[in-house]
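Each chain, written out:
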Amino acid sequence: MSDTLSLISRWVDENRDHCIEFLQNIISIPSPSGEEHQVAEYIASKMNEYGYNTAKVDKLGDVMGTIKGTGSGRSFLLNGHIDHVPVGDMVDPYSGKIMDGAVFGDAGEVLYGRAACDMKGAVAAMVLAGYTLNELGIKLKGDYKVAGVALEEVGGAGTKSTIVDSQFLADVVLIGEATNMELALGHRGSMKFDVIVHGRSCHASAPERGVNALYKAMKMITKIKDELAPSLPVHPIYGKASLVVTQITVSPEASNVVPETCHFVIDCRNHPMFTDEQLYEALNRIINELKSSDLEFNATVIPGTLINERKFTGFYTDPEKNSVVDEAVKAITEAYRSPEKKIWTFATDGRIYAHLGIPVIGFGPGEEKYAHTQMDHVRVDDYLDTIKVYAWLACQICGVS
Ligand SMILES: [Zn+2]
(Lines give C-alpha, C1' and ligand atoms only; values in the text may rest on other atoms or scores of the structure.)
Protein backbone atom coordinates (compact mmCIF):
# COMPACT_ATOMS: atom_id res chain seq x y z
CA MET A 1 0.00 0.00 0.00
CA SER A 2 1.36 3.40 -0.90
CA ASP A 3 2.17 5.84 1.88
CA THR A 4 -0.56 8.21 0.75
CA LEU A 5 -3.20 5.49 0.77
CA SER A 6 -2.07 4.33 4.23
CA LEU A 7 -2.40 7.89 5.49
CA ILE A 8 -5.91 8.21 4.03
CA SER A 9 -6.98 4.89 5.47
CA ARG A 10 -5.61 5.68 8.91
CA TRP A 11 -7.18 9.16 8.95
CA VAL A 12 -10.64 7.77 8.20
CA ASP A 13 -10.27 5.05 10.85
CA GLU A 14 -9.11 7.57 13.45
CA ASN A 15 -11.96 9.95 12.59
CA ARG A 16 -14.62 7.27 12.36
CA ASP A 17 -16.91 8.90 14.93
CA HIS A 18 -16.80 12.26 13.17
CA CYS A 19 -17.56 10.63 9.81
CA ILE A 20 -20.56 8.78 11.24
CA GLU A 21 -21.84 11.91 12.96
CA PHE A 22 -21.66 13.93 9.75
CA LEU A 23 -23.83 11.39 7.93
CA GLN A 24 -26.27 11.28 10.86
CA ASN A 25 -26.51 15.07 10.75
CA ILE A 26 -27.43 15.24 7.08
CA ILE A 27 -29.94 12.41 7.49
CA SER A 28 -31.53 14.30 10.40
CA ILE A 29 -32.39 17.22 8.08
CA PRO A 30 -35.41 16.17 5.99
CA SER A 31 -34.96 16.93 2.28
CA PRO A 32 -37.76 15.48 0.16
CA SER A 33 -37.55 16.62 -3.47
CA GLY A 34 -38.14 20.38 -3.64
CA GLU A 35 -37.13 20.97 -0.01
CA GLU A 36 -33.36 20.59 -0.20
CA HIS A 37 -32.23 24.10 0.78
CA GLN A 38 -31.68 23.45 4.48
CA VAL A 39 -29.52 20.38 4.04
CA ALA A 40 -27.69 22.05 1.14
CA GLU A 41 -26.81 25.06 3.32
CA TYR A 42 -25.62 22.72 6.08
CA ILE A 43 -23.39 20.80 3.67
CA ALA A 44 -22.00 24.08 2.25
CA SER A 45 -21.15 25.27 5.77
CA LYS A 46 -19.31 22.01 6.43
CA MET A 47 -17.43 22.30 3.12
CA ASN A 48 -16.21 25.71 4.26
CA GLU A 49 -15.19 24.28 7.63
CA TYR A 50 -13.43 21.38 5.84
CA GLY A 51 -11.23 23.71 3.81
CA TYR A 52 -12.99 23.63 0.42
CA ASN A 53 -11.99 26.71 -1.61
CA THR A 54 -15.54 27.40 -2.72
CA ALA A 55 -18.95 26.19 -1.57
CA LYS A 56 -22.22 27.56 -2.84
CA VAL A 57 -25.91 26.75 -2.95
CA ASP A 58 -27.91 27.65 -6.06
CA LYS A 59 -31.56 28.63 -6.33
CA LEU A 60 -32.79 25.04 -6.75
CA GLY A 61 -30.97 23.87 -3.62
CA ASP A 62 -27.95 22.27 -5.28
CA VAL A 63 -24.75 22.50 -3.25
CA MET A 64 -21.41 22.69 -5.08
CA GLY A 65 -17.99 22.61 -3.45
CA THR A 66 -14.52 22.71 -5.00
CA ILE A 67 -11.02 22.05 -3.72
CA LYS A 68 -8.80 23.80 -6.26
CA GLY A 69 -6.02 21.75 -7.79
CA THR A 70 -2.50 23.06 -8.23
CA GLY A 71 -2.90 22.78 -12.01
CA SER A 72 -2.34 20.40 -14.95
CA GLY A 73 -4.29 17.42 -13.53
CA ARG A 74 -7.68 16.15 -14.64
CA SER A 75 -10.60 17.51 -12.65
CA PHE A 76 -12.86 14.99 -10.88
CA LEU A 77 -16.52 15.66 -10.08
CA LEU A 78 -18.46 13.49 -7.63
CA ASN A 79 -22.23 13.81 -7.94
CA GLY A 80 -24.83 12.63 -5.44
CA HIS A 81 -28.40 13.74 -4.92
CA ILE A 82 -29.45 15.21 -1.59
CA ASP A 83 -33.21 14.85 -2.14
CA HIS A 84 -35.05 11.72 -1.12
CA VAL A 85 -38.39 10.00 -1.71
CA PRO A 86 -41.19 10.42 0.87
CA VAL A 87 -40.72 8.60 4.17
CA GLY A 88 -44.08 6.82 4.05
CA ASP A 89 -44.56 4.59 7.09
CA MET A 90 -40.84 4.35 7.83
CA VAL A 91 -40.10 4.24 11.57
CA ASP A 92 -37.74 6.99 12.85
CA PRO A 93 -36.79 7.96 9.28
CA TYR A 94 -34.52 10.84 10.28
CA SER A 95 -32.81 9.11 13.21
CA GLY A 96 -29.64 7.94 11.45
CA LYS A 97 -29.38 5.43 14.26
CA ILE A 98 -26.69 2.77 14.42
CA MET A 99 -28.16 -0.72 14.57
CA ASP A 100 -26.98 -4.29 14.49
CA GLY A 101 -27.11 -5.23 10.80
CA ALA A 102 -28.56 -8.65 11.65
CA VAL A 103 -32.11 -7.30 11.17
CA PHE A 104 -31.28 -6.77 7.50
CA GLY A 105 -29.14 -9.89 7.21
CA ASP A 106 -25.95 -7.78 7.23
CA ALA A 107 -22.84 -8.49 9.26
CA GLY A 108 -21.67 -5.65 11.52
CA GLU A 109 -23.24 -2.31 12.25
CA VAL A 110 -25.54 -0.42 9.91
CA LEU A 111 -26.65 3.19 9.85
CA TYR A 112 -30.41 3.43 9.30
CA GLY A 113 -32.56 6.30 8.02
CA ARG A 114 -34.27 7.73 4.96
CA ALA A 115 -31.65 8.37 2.27
CA ALA A 116 -28.87 6.45 4.08
CA CYS A 117 -28.57 4.23 1.01
CA ASP A 118 -30.21 6.54 -1.56
CA MET A 119 -28.00 8.44 -1.20
CA LYS A 120 -26.76 10.62 1.63
CA GLY A 121 -24.23 7.93 2.60
CA ALA A 122 -22.40 8.52 -0.67
CA VAL A 123 -22.80 12.31 -0.50
CA ALA A 124 -21.32 12.41 3.00
CA ALA A 125 -18.43 10.22 1.84
CA MET A 126 -17.74 12.58 -1.09
CA VAL A 127 -17.61 15.63 1.17
CA LEU A 128 -15.47 13.83 3.74
CA ALA A 129 -13.02 12.47 1.15
CA GLY A 130 -12.18 16.09 0.33
CA TYR A 131 -11.82 16.84 4.04
CA THR A 132 -9.48 13.85 4.44
CA LEU A 133 -7.22 15.09 1.63
CA ASN A 134 -7.17 18.59 3.09
CA GLU A 135 -6.43 17.42 6.62
CA LEU A 136 -3.55 15.28 5.38
CA GLY A 137 -2.16 18.15 3.29
CA ILE A 138 -2.48 16.09 0.09
CA LYS A 139 -2.51 18.59 -2.78
CA LEU A 140 -4.23 17.38 -5.95
CA LYS A 141 -3.21 18.65 -9.37
CA GLY A 142 -6.75 18.70 -10.74
CA ASP A 143 -9.82 20.18 -9.07
CA TYR A 144 -11.84 18.01 -6.68
CA LYS A 145 -15.52 18.88 -7.02
CA VAL A 146 -18.60 17.67 -5.15
CA ALA A 147 -22.15 18.32 -6.38
CA GLY A 148 -24.94 17.53 -3.90
CA VAL A 149 -27.90 17.93 -6.21
CA ALA A 150 -31.60 18.56 -5.70
CA LEU A 151 -34.59 17.09 -7.55
CA GLU A 152 -32.95 13.89 -8.81
CA GLU A 153 -35.87 11.75 -7.71
CA VAL A 154 -38.19 13.84 -9.85
CA GLY A 155 -36.26 14.00 -13.11
CA GLY A 156 -32.79 15.52 -12.69
CA ALA A 157 -33.40 19.28 -12.83
CA GLY A 158 -30.80 19.80 -10.09
CA THR A 159 -27.89 18.27 -11.99
CA LYS A 160 -28.96 20.06 -15.17
CA SER A 161 -28.94 23.37 -13.29
CA THR A 162 -25.42 22.76 -11.91
CA ILE A 163 -24.26 22.23 -15.50
CA VAL A 164 -26.24 24.90 -17.34
CA ASP A 165 -26.30 27.68 -14.73
CA SER A 166 -22.99 27.05 -12.94
CA GLN A 167 -20.92 25.18 -15.56
CA PHE A 168 -20.05 22.77 -12.77
CA LEU A 169 -18.32 20.10 -14.86
CA ALA A 170 -15.11 18.09 -14.89
CA ASP A 171 -12.99 15.72 -16.95
CA VAL A 172 -14.23 12.63 -15.10
CA VAL A 173 -17.53 12.19 -13.21
CA LEU A 174 -18.41 9.71 -10.47
CA ILE A 175 -22.02 9.02 -9.51
CA GLY A 176 -22.39 7.68 -5.97
CA GLU A 177 -25.77 5.92 -6.38
CA ALA A 178 -25.80 2.56 -4.60
CA THR A 179 -23.61 -0.05 -6.27
CA ASN A 180 -23.02 -2.17 -3.18
CA MET A 181 -19.33 -1.26 -3.49
CA GLU A 182 -19.05 -2.53 -7.09
CA LEU A 183 -18.22 -0.43 -10.15
CA ALA A 184 -21.21 0.68 -12.26
CA LEU A 185 -20.62 1.73 -15.85
CA GLY A 186 -24.08 2.68 -17.05
CA HIS A 187 -27.77 1.86 -17.18
CA ARG A 188 -30.70 1.34 -19.55
CA GLY A 189 -32.81 4.17 -20.91
CA SER A 190 -36.29 5.18 -19.69
CA MET A 191 -39.41 5.75 -21.74
CA LYS A 192 -42.97 6.52 -20.72
CA PHE A 193 -45.79 5.71 -23.11
CA ASP A 194 -49.44 6.60 -22.66
CA VAL A 195 -52.28 4.47 -23.97
CA ILE A 196 -55.86 5.68 -24.24
CA VAL A 197 -58.53 3.01 -24.58
CA HIS A 198 -61.82 4.23 -25.99
CA GLY A 199 -65.30 3.03 -25.03
CA ARG A 200 -68.80 4.45 -24.81
CA SER A 201 -70.27 5.64 -21.55
CA CYS A 202 -73.70 4.82 -20.24
CA HIS A 203 -75.57 4.62 -16.96
CA ALA A 204 -73.88 2.14 -14.65
CA SER A 205 -77.28 0.61 -13.89
CA ALA A 206 -77.40 -0.75 -17.46
CA PRO A 207 -73.79 -1.50 -18.44
CA GLU A 208 -74.86 -3.48 -21.52
CA ARG A 209 -75.81 -0.20 -23.22
CA GLY A 210 -72.20 1.06 -23.29
CA VAL A 211 -68.65 -0.13 -23.94
CA ASN A 212 -66.62 -0.18 -20.74
CA ALA A 213 -63.22 1.32 -21.53
CA LEU A 214 -61.80 -0.04 -18.28
CA TYR A 215 -62.73 -3.62 -19.19
CA LYS A 216 -61.23 -3.13 -22.65
CA ALA A 217 -58.04 -1.75 -21.11
CA MET A 218 -57.80 -4.85 -18.92
CA LYS A 219 -57.57 -7.00 -22.06
CA MET A 220 -54.71 -4.92 -23.40
CA ILE A 221 -52.87 -4.70 -20.08
CA THR A 222 -53.08 -8.49 -19.73
CA LYS A 223 -51.42 -8.93 -23.11
CA ILE A 224 -48.72 -6.40 -22.22
CA LYS A 225 -48.00 -8.21 -18.96
CA ASP A 226 -48.23 -11.81 -20.15
CA GLU A 227 -46.96 -11.58 -23.73
CA LEU A 228 -45.01 -8.40 -24.50
CA ALA A 229 -43.02 -7.91 -21.26
CA PRO A 230 -41.63 -11.48 -21.10
CA SER A 231 -40.60 -11.34 -24.77
CA LEU A 232 -38.43 -8.20 -24.59
CA PRO A 233 -34.89 -8.67 -25.93
CA VAL A 234 -31.74 -9.11 -23.85
CA HIS A 235 -28.80 -6.84 -24.69
CA PRO A 236 -25.25 -8.09 -24.05
CA ILE A 237 -24.34 -4.98 -22.05
CA TYR A 238 -27.59 -3.57 -20.70
CA GLY A 239 -29.39 -6.84 -20.00
CA LYS A 240 -33.12 -7.35 -20.50
CA ALA A 241 -35.44 -4.48 -21.33
CA SER A 242 -38.36 -4.18 -18.91
CA LEU A 243 -41.85 -2.80 -19.15
CA VAL A 244 -44.63 -2.32 -16.62
CA VAL A 245 -47.99 -0.57 -16.40
CA THR A 246 -47.71 1.88 -13.50
CA GLN A 247 -50.77 4.17 -13.59
CA ILE A 248 -54.38 3.98 -14.68
CA THR A 249 -57.24 6.49 -14.72
CA VAL A 250 -60.75 6.57 -16.20
CA SER A 251 -63.02 9.26 -17.48
CA PRO A 252 -65.52 10.37 -16.44
CA GLU A 253 -64.59 9.81 -12.82
CA ALA A 254 -68.00 8.87 -11.52
CA SER A 255 -69.01 5.75 -9.68
CA ASN A 256 -72.33 5.50 -11.49
CA VAL A 257 -71.08 5.93 -15.06
CA VAL A 258 -69.50 3.26 -17.26
CA PRO A 259 -66.19 4.95 -18.28
CA GLU A 260 -65.81 6.09 -21.87
CA THR A 261 -62.02 6.30 -21.76
CA CYS A 262 -59.31 4.56 -19.79
CA HIS A 263 -55.80 5.98 -19.77
CA PHE A 264 -52.82 3.95 -18.59
CA VAL A 265 -49.09 4.62 -18.44
CA ILE A 266 -46.26 2.26 -19.33
CA ASP A 267 -42.77 2.61 -17.87
CA CYS A 268 -40.23 0.94 -20.13
CA ARG A 269 -36.50 0.55 -19.43
CA ASN A 270 -34.92 -0.03 -22.80
CA HIS A 271 -31.64 -0.48 -24.64
CA PRO A 272 -30.50 -0.05 -28.24
CA MET A 273 -32.12 -3.38 -29.23
CA PHE A 274 -35.54 -2.15 -28.15
CA THR A 275 -36.21 1.40 -29.33
CA ASP A 276 -39.16 3.70 -28.90
CA GLU A 277 -40.28 2.85 -32.45
CA GLN A 278 -40.23 -0.85 -31.59
CA LEU A 279 -42.33 -0.29 -28.48
CA TYR A 280 -44.78 1.83 -30.48
CA GLU A 281 -45.09 -0.93 -33.08
CA ALA A 282 -45.48 -3.67 -30.47
CA LEU A 283 -48.30 -1.82 -28.75
CA ASN A 284 -50.09 -1.21 -32.03
CA ARG A 285 -49.72 -4.88 -32.92
CA ILE A 286 -51.52 -5.76 -29.69
CA ILE A 287 -54.25 -3.25 -30.48
CA ASN A 288 -54.74 -4.75 -33.95
CA GLU A 289 -54.89 -8.28 -32.54
CA LEU A 290 -57.54 -7.22 -30.05
CA LYS A 291 -59.48 -5.36 -32.73
CA SER A 292 -59.55 -8.43 -34.95
CA SER A 293 -61.30 -10.48 -32.28
CA ASP A 294 -63.36 -7.68 -30.69
CA LEU A 295 -65.12 -5.18 -32.94
CA GLU A 296 -65.69 -2.81 -30.02
CA PHE A 297 -62.01 -2.61 -29.06
CA ASN A 298 -60.30 0.68 -29.87
CA ALA A 299 -57.17 2.26 -28.39
CA THR A 300 -54.54 4.88 -29.24
CA VAL A 301 -50.87 4.81 -28.29
CA ILE A 302 -49.32 8.18 -27.55
CA PRO A 303 -45.70 7.58 -28.44
CA GLY A 304 -42.38 9.08 -27.75
CA THR A 305 -42.96 10.58 -24.35
CA LEU A 306 -39.33 10.00 -23.55
CA ILE A 307 -38.62 11.30 -20.09
CA ASN A 308 -35.41 12.83 -21.25
CA GLU A 309 -33.71 15.05 -23.72
CA ARG A 310 -32.66 12.49 -26.29
CA LYS A 311 -33.78 9.29 -27.92
CA PHE A 312 -31.80 6.72 -25.94
CA THR A 313 -31.52 7.92 -22.37
CA GLY A 314 -29.21 5.20 -21.09
CA PHE A 315 -25.43 5.26 -21.19
CA TYR A 316 -22.43 2.98 -20.98
CA THR A 317 -18.84 3.93 -20.25
CA ASP A 318 -17.03 1.41 -22.40
CA PRO A 319 -13.77 0.18 -20.82
CA GLU A 320 -12.38 -0.35 -24.33
CA LYS A 321 -12.74 3.35 -25.09
CA ASN A 322 -12.24 4.93 -21.65
CA SER A 323 -9.03 4.23 -19.79
CA VAL A 324 -10.60 5.72 -16.66
CA VAL A 325 -12.47 2.44 -16.12
CA ASP A 326 -9.24 0.48 -15.69
CA GLU A 327 -7.84 3.26 -13.53
CA ALA A 328 -10.92 3.08 -11.31
CA VAL A 329 -10.73 -0.71 -11.04
CA LYS A 330 -7.09 -0.41 -9.96
CA ALA A 331 -7.75 2.35 -7.41
CA ILE A 332 -10.79 0.61 -5.90
CA THR A 333 -8.86 -2.67 -5.68
CA GLU A 334 -6.01 -0.93 -3.86
CA ALA A 335 -8.23 1.01 -1.45
CA TYR A 336 -10.91 -1.64 -0.88
CA ARG A 337 -11.14 -4.79 -2.98
CA SER A 338 -11.48 -5.80 -6.62
CA PRO A 339 -14.89 -4.55 -7.84
CA GLU A 340 -17.20 -6.26 -10.28
CA LYS A 341 -18.26 -4.20 -13.27
CA LYS A 342 -22.02 -3.82 -13.41
CA ILE A 343 -24.96 -1.91 -14.83
CA TRP A 344 -27.41 -0.12 -12.51
CA THR A 345 -30.99 -1.38 -12.72
CA PHE A 346 -32.38 2.13 -12.32
CA ALA A 347 -31.55 5.39 -14.09
CA THR A 348 -29.20 8.03 -12.65
CA ASP A 349 -28.10 11.60 -13.32
CA GLY A 350 -24.93 10.04 -14.77
CA ARG A 351 -26.71 9.98 -18.14
CA ILE A 352 -26.68 13.79 -18.25
CA TYR A 353 -22.88 13.95 -18.06
CA ALA A 354 -22.39 10.89 -20.29
CA HIS A 355 -24.48 12.51 -23.02
CA LEU A 356 -22.07 15.46 -22.93
CA GLY A 357 -19.25 13.03 -23.71
CA ILE A 358 -17.77 12.92 -20.20
CA PRO A 359 -16.67 9.49 -18.91
CA VAL A 360 -18.94 8.51 -15.99
CA ILE A 361 -18.23 5.81 -13.42
CA GLY A 362 -20.41 4.70 -10.51
CA PHE A 363 -19.44 3.61 -7.03
CA GLY A 364 -21.45 3.90 -3.84
CA PRO A 365 -22.27 2.18 -0.56
CA GLY A 366 -25.64 0.54 -0.03
CA GLU A 367 -27.68 -1.92 -2.04
CA GLU A 368 -30.10 -0.94 -4.78
CA LYS A 369 -32.78 -3.16 -3.27
CA TYR A 370 -33.02 -0.95 -0.15
CA ALA A 371 -33.47 2.31 -2.07
CA HIS A 372 -36.98 3.77 -1.61
CA THR A 373 -37.84 1.11 1.01
CA GLN A 374 -38.53 1.25 4.72
CA MET A 375 -35.24 -0.61 5.23
CA ASP A 376 -33.07 2.24 3.90
CA HIS A 377 -29.61 1.78 5.47
CA VAL A 378 -25.88 1.47 4.79
CA ARG A 379 -23.32 -0.78 6.40
CA VAL A 380 -21.07 1.46 8.50
CA ASP A 381 -17.87 -0.21 7.29
CA ASP A 382 -18.92 0.23 3.65
CA TYR A 383 -19.61 3.90 4.27
CA LEU A 384 -16.17 4.43 5.82
CA ASP A 385 -14.47 2.42 3.06
CA THR A 386 -16.25 4.60 0.48
CA ILE A 387 -14.56 7.70 1.93
CA LYS A 388 -11.20 5.98 1.44
CA VAL A 389 -12.09 4.88 -2.10
CA TYR A 390 -13.22 8.38 -3.12
CA ALA A 391 -10.10 10.02 -1.69
CA TRP A 392 -7.82 7.49 -3.37
CA LEU A 393 -9.67 7.71 -6.69
CA ALA A 394 -9.20 11.49 -6.55
CA CYS A 395 -5.45 11.01 -6.04
CA GLN A 396 -5.30 8.74 -9.09
CA ILE A 397 -7.54 10.77 -11.38
CA CYS A 398 -6.43 14.29 -10.42
CA GLY A 399 -2.82 13.38 -9.68
CA VAL A 400 -0.95 14.38 -6.52
CA SER A 401 1.47 17.28 -6.77
ZN1 LIG B 1 -30.87 7.73 -5.87
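Scroll up a little and you will see the structure.
Think of each chain on its own: its residues are numbered from 1, step by step along the sequence as written. Only residues with pLDDT of at least 70 are given local features in this predicted model, and only at 80 or more are side-chain atom pairs given and counted; all residues enter the totals for whole chains, interfaces and linings. Working from all heavy atoms in the structure, the side-chain values ignore hydrogens and water.

Description of the sheet that holds strand β4 (residues 98-100)
Spatially, three strands are ordered β4-β5-β20 in an open sheet, and the strand pairing comes out antiparallel. Of all strands in the sheet, those bounded by a partner on one side alone are β4 and β20 (377-379). Mean inter-strand twist for the sheet, computed between neighbouring axes without regard to direction, equals 35 degrees. A pair of strands is treated as paired once DSSP finds two or more bridges between them. Under the DSSP-based scheme used, a helix requires at least four consecutive residues in state H or I and a strand at least two consecutive residues in state E, with every element numbered from the N terminus. Whenever a helix is involved, its axis is fitted only over the stretch in contact; in every case the axis is a line through C-alpha atoms, and angles between N-to-C directions fall within 0 to 180 degrees.

Looking at the packing of aromatic side chains
Stacked, tilted and edge-to-face are the three classes applied to pairs of Phe, Tyr and Trp rings, where Trp contributes its six-membered ring and a pair requires centres within 6.5 Å; stacked means planes under 30 degrees apart, edge-to-face means over 60, and tilted covers the rest. One pass over the structure, following the stated rule, counts eight aromatic pairs. Ring geometry for Phe363 and Tyr390: centres 6.3 Å apart, planes at 75 degrees, overall edge-to-face. In this pair, Phe363 sits in the loop between β19 (360-362) and β20 while Tyr390 sits in helix α10 (residues 380-398), placing the two residues 27 residues apart along the sequence. Side by side, Phe363 and Tyr390 carry an identical accessibility label, which is buried. Linked through ring pairs, Trp11, Phe22, Tyr42, Tyr50 and Tyr131 together constitute an aromatic cluster. Only protein chains enter the accessibility calculation, which uses a 1.4 Å probe; a residue is then buried when its area is under 20% of its type maximum, exposed when over 50%, and partly exposed in between.

A few points about the pairing of strand β6 (residues 144-149)
Burial runs high along β6: six of the six residues are buried. Burial of the side chains of β6 extends over both faces: Tyr144, Val146 and Gly148 are buried on one face and Lys145, Ala147 and Val149 on the other. In this structure, strand β2 (residues 63-67) lies alongside β6, joined through five bridges in antiparallel fashion. Counterpart to Val63 in the pairing with β6 is Gly148. Judged from the six bridges that link them, strand β3 (residues 76-81) and β6 form a sheet pairing that is parallel. Opposite Leu77, over in β6, you have Lys145 as the bridge partner.

Details of the coordination of the zinc ion
Coordination partners: N, O, S within 2.8 Å of the metal, 3.2 Å for Na, K and Ca; water not considered, so apparent gaps in a site are possible. Within the first shell, the zinc ion binds the protein through His81 (NE2), Asp118 (OD), Glu177 (OE) and Glu177 (OE), at distances of 1.8 to 2.6 Å. In primary-sequence terms, the residues that donate to the zinc ion follow H-x36-D-x58-E. One end of the pair, Asp118, is in helix α4 (residues 116-135); the other, Glu177, is in the loop between β7 (172-175) and β8 (183-187), with 59 residues separating them in the sequence. Here Asp118 and Glu177 have matching classes, each one buried.

Side note on the nonpolar core
To form a nonpolar core, buried Ala, Val, Leu, Ile, Met, Phe, Trp, Tyr and Cys residues must be joined to one another through side-chain atoms within 4.5 Å. If you look at the biggest cluster of nonpolar residues, it comprises 76 residues, and the most contacted ones within it are Phe76, Tyr144, Tyr383 and Tyr390. In this structure, Met191, Phe193, Cys262 and Val301 belong to the second largest nonpolar core, which totals 28 residues.

Let's talk about helix α8 (residues 323-335)
For an α-helix, 3.6 residues make a turn, and residues three or four places apart therefore share a direction. With 13 residues, α8 should reach 18 Å at 1.5 Å per residue; the first-to-last C-alpha distance of 19 Å fits that figure. For α8, the set of buried residues is Val324, Val325, Ala328, Val329, Ala331, Ile332 and Ala335. Here a residue-residue contact requires only that any non-hydrogen atoms of the pair lie within 4.5 Å. On its buried face, α8 sits against α1 (3-14), β7, β8, β18 (341-344), β19 and α10. A helix is expected to span 1.5 Å multiplied by its residue count minus one.

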